[in-house]
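Here is how the chains run, residue by residue.
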Amino acid sequence: MARVCREHWIIFGNLFAALAAGALASWSTPMMLAVLYVDIWLLANPHIVATYTRIGSMSSHTRLRWALIVVAPILVLAGLTVVALAYEATGLFALYFALQAFHVARQSYGIARRHDRRLQVPFRNLPYLLIYLFPTWGYLHRGAQAPSSFLGYPIWLPPVPQELALAAGIAAIAGSLCWLVCLGYARRAPQANAPFDTFVLSHLVVSLVGYVWISDITVGWLVVNVWHNIQYLVFVYRQRQPGVGADSVSSEASDTAPAHGKSLLKKLRPPAAFFIGCAICGAALFMAASHIGGSLLWLGLPTVLIAHFTLNFHHYLADSVIWKRHRAGRLNGISQC
């Protein structure tokens, strides 16, 4: 029970932080910039480093690890250069917005799988469908909205008829209502799984607010990005703890067993060290990318953007591989993230 309550606090706390970031960013342009800088330096950059900390743990997959470290960044850089040559910054941001939405959905799908303890419930796969359906609705809505700028840069989104975006919204709402009815049925059964349901609900709320309800594409993206970054940092930290494996028993035991008898300072020291380490390395990566990109501006390309997007897209690629591999003989608690 204590673990379930802790999961609820983490999920709702993250949701509150994301919505509060959106509210502050909607207040004024200076406040939006302040929230953006906090997100980049304290959340997004550490988020990227958190993924890279897992590459070194792939000791049983040496070839794959070196492919991710050496080959993958070159391929990503080459692909982004081609996009920049063809479509300049507009194409880079169009590609980023689409891949970021997909990446967030994939991460939520994987973490939902980790939370899933349901045995027999009606329409078992419906929540997983909704995890993808709500961002899809949001992306179609942004396409129908046809924003001209994103993060201060021009952006192009595929033109979407309003009718198609509306149809996707109706399907998403109808599916969520059906899921809520299923929850009411499942509550009568002993296999009801509150952390899973709460997490999926938080994903749907963030997607609805960030992609549909907030009209400004940048502010809406900030809501989703803050939520996504915090969620990932917490998840990676917990996965790094000894004894965390694929099954719920080991995971729950690792959460509860060492906690007794520790002072608050000792409890906070490991997560603080992890976060500070990721923040320092993330800042170094960010500044290195800015320096390298700035020194190559003579090429006539948006090389600063290319450098930063290379880090982001390489992180997407590495993330999609890492969480499918075995670590120290154990299958990670996430299958597709």
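Residues numbered from 1 in each chain as written. Predicted model: local features only at pLDDT ≥ 70, side-chain atom pairs only at ≥ 80, totals over all residues. Heavy atoms only, no water.

### A few points about a nonpolar patch on the surface
1) Next: A surface patch of nonpolar side chains, amounting to about 840 Å² of accessible area, comprises Leu33, Tyr37, Val38, Trp41, Leu42, Phe275, Ile276, Ile280 and Met287.
2) Next: Elements with a minimum of two residues in the nonpolar patch: helix 2 (29-55) and helix 9 (264-295).
3) Next: The element that contributes the greatest number of residues to the nonpolar patch is helix 2, accounting for five residues.
4) Next: Examined against the element boundaries, Ile276 turns out to sit in helix 9.
5) Next: Residue classification places Ile276 among the partly exposed positions, given a relative accessible area of 46%. (Patch = residues over 30% accessible without salt bridge, like charges linked within 9 Å, V, L, I, M, F, W, Y side chains within 5 Å. Areas by Shrake-Rupley, 256 points an atom, 1.4 Å probe, with all protein chains shown as cover. Salt bridge = Lys/Arg side-chain N within 4 Å of Asp/Glu carboxyl O. Helix = DSSP H or I, 4+ residues; strand = E, 2+ residues; numbered from the N terminus. Buried < 20%, exposed > 50% of the residue type's maximum accessible area, 1.4 Å probe, protein only.)

### Overview of the packing of helix 3 (residues 62-115) against helix 10 (residues 303-322)
1) Next: Axis separation between helix 3 and helix 10 bottoms out at 6 Å; the angle between their running directions is 125°. By the angle between their axes, helix 3 is oblique relative to helix 10. Remark: the crossing between helix 3 and helix 10 carries right-handed chirality.
2) Next: The residue inventory of the contact of helix 3 with helix 10, partitioned by class, reads 23 nonpolar, seven polar and one charged. (Axes fitted to C-alpha atoms, helices over the stretch in contact; angles between N-to-C directions. Parallel < 35°, antiparallel > 145°, perpendicular 65-115°, else oblique. Left-handed = near helix turned anticlockwise from the far one by under 90°. Nonpolar A, V, L, I, M, F, W, Y, C, P; charged D, E, K, R; others polar.)

### A look at the pattern of salt bridges
1) Next: Enumeration according to the criterion identifies three salt bridges in this entry.
2) Next: Here Arg238 makes a salt bridge to Glu7, at a shortest N to O gap of 2.7 Å. Taken together, the positions of Arg238 in helix 7 (residues 217-239) and Glu7 in helix 1 (residues 2-27) put the pair 231 residues apart, joining distant regions of the chain.
3) Next: Here Glu7 falls in the buried class, since its relative accessible area comes to 1%.
4) Next: Ionic pairing is found between Arg124 and Asp116, a salt bridge with its closest N-O pair at 3.5 Å.
5) Next: Judged by its relative accessible area of 31%, Arg124 falls in the partly exposed class.
6) Next: Overall, Asp116 belongs to the buried group, its relative accessible area being 13%.
7) Next: What you see here is one network of salt bridges that share partners, running through Glu7, Arg114 and Arg238.

### Looking at the state of the cysteines
1) Next: According to the stated counting rule, one finds zero disulfides in the structure shown.
2) Next: The structure places no disulfide on Cys178, whose sulfur is separated from the nearest cysteine sulfur, that of Cys182, by 4.4 Å.
3) Next: Overall, the relative accessible area of 31% leaves Cys178 in the partly exposed class.
4) Next: With no disulfide of its own, Cys278 has Cys281 as its nearest cysteine by sulfur position, at a separation of 7.0 Å.
5) Next: The class of Cys278 is buried, set by a relative accessible area of 3%. (Disulfide = S-S within 2.5 Å.)

### Details of the side chain of Thr51
1) Next: Topologically, Thr51 is positioned in helix 2.
2) Next: Every residue in contact with Thr51, bar those within four places of it in the chain, is listed here: Tyr232, His315, Ala318, Asp319 and Ile322. (Contact = heavy atoms within 4.5 Å.)

### Some words on the confidence of the model for the chain
1) Next: Scored by pLDDT, the chain has a mean of 86; 84% of the residues are at 70 or more.
2) Next: The secondary-structure element of the chain with the lowest mean pLDDT is strand 4 (residues 330-331), recorded at 38, while helix 4 (residues 126-145) shows the highest, at 97.
3) Next: Predicted confidence is poor over residues 245-257, with pLDDT under 50, and the contacts of this stretch with residues over four places away or in other chains come to 25 contacts. (pLDDT = per-residue confidence, 0-100.)

### Some thoughts on unusual backbone geometry
1) Next: One non-glycine residue, Glu88, adopts positive backbone phi at about 60°.
2) Next: One can find Glu88 in helix 3.
3) Next: A positive phi is found at Leu151, a non-glycine position, where the angle reads about 55°.
4) Next: With respect to the helices and strands, the residue Leu151 is situated in the loop between strand 1 (149-150) and strand 2 (153-154).

### Focus on helix 4
1) Next: Between the first and last C-alpha of helix 4 there are 28 Å, a value that for 20 residues agrees with the 28 Å anticipated at 1.5 Å per step.
2) Next: Counting buried positions along helix 4 gives 14 out of 20 residues, so the element sits mostly inside the fold.
3) Next: Backbone geometry just downstream of helix 4 places Ala146 in the positive-phi region, at approximately 55°. (Expected span 1.5 Å × (residues − 1).)

### Topic: the packing of helix 4 against helix 6 (residues 194-213)
1) Next: It is the contact of helix 4 with helix 6, at a shortest axis distance of 9 Å, that shows an interaxial angle of 5°. When the axes of helix 4 and helix 6 are compared, the pair comes out roughly parallel. On helix 6, the residues that touch Pro127, Tyr128, Leu130, Ile131, Phe134, Pro135, Trp137, Gly138, His141 and Arg142 of helix 4 are Phe196, Val200, His203, Leu204, Ser207, Leu208, Gly210, Tyr211 and Val212.
2) Next: A per-class count over the contact of helix 4 with helix 6 returns 13 nonpolar, five polar and one charged.

### Regarding the side chain of Ser108
1) Next: Looking at the secondary structure, you find Ser108 in helix 3.
2) Next: The residues contacting Ser108, other than those within four sequence positions of it, are Ile131, Phe199, His203, Trp227 and Gln231.

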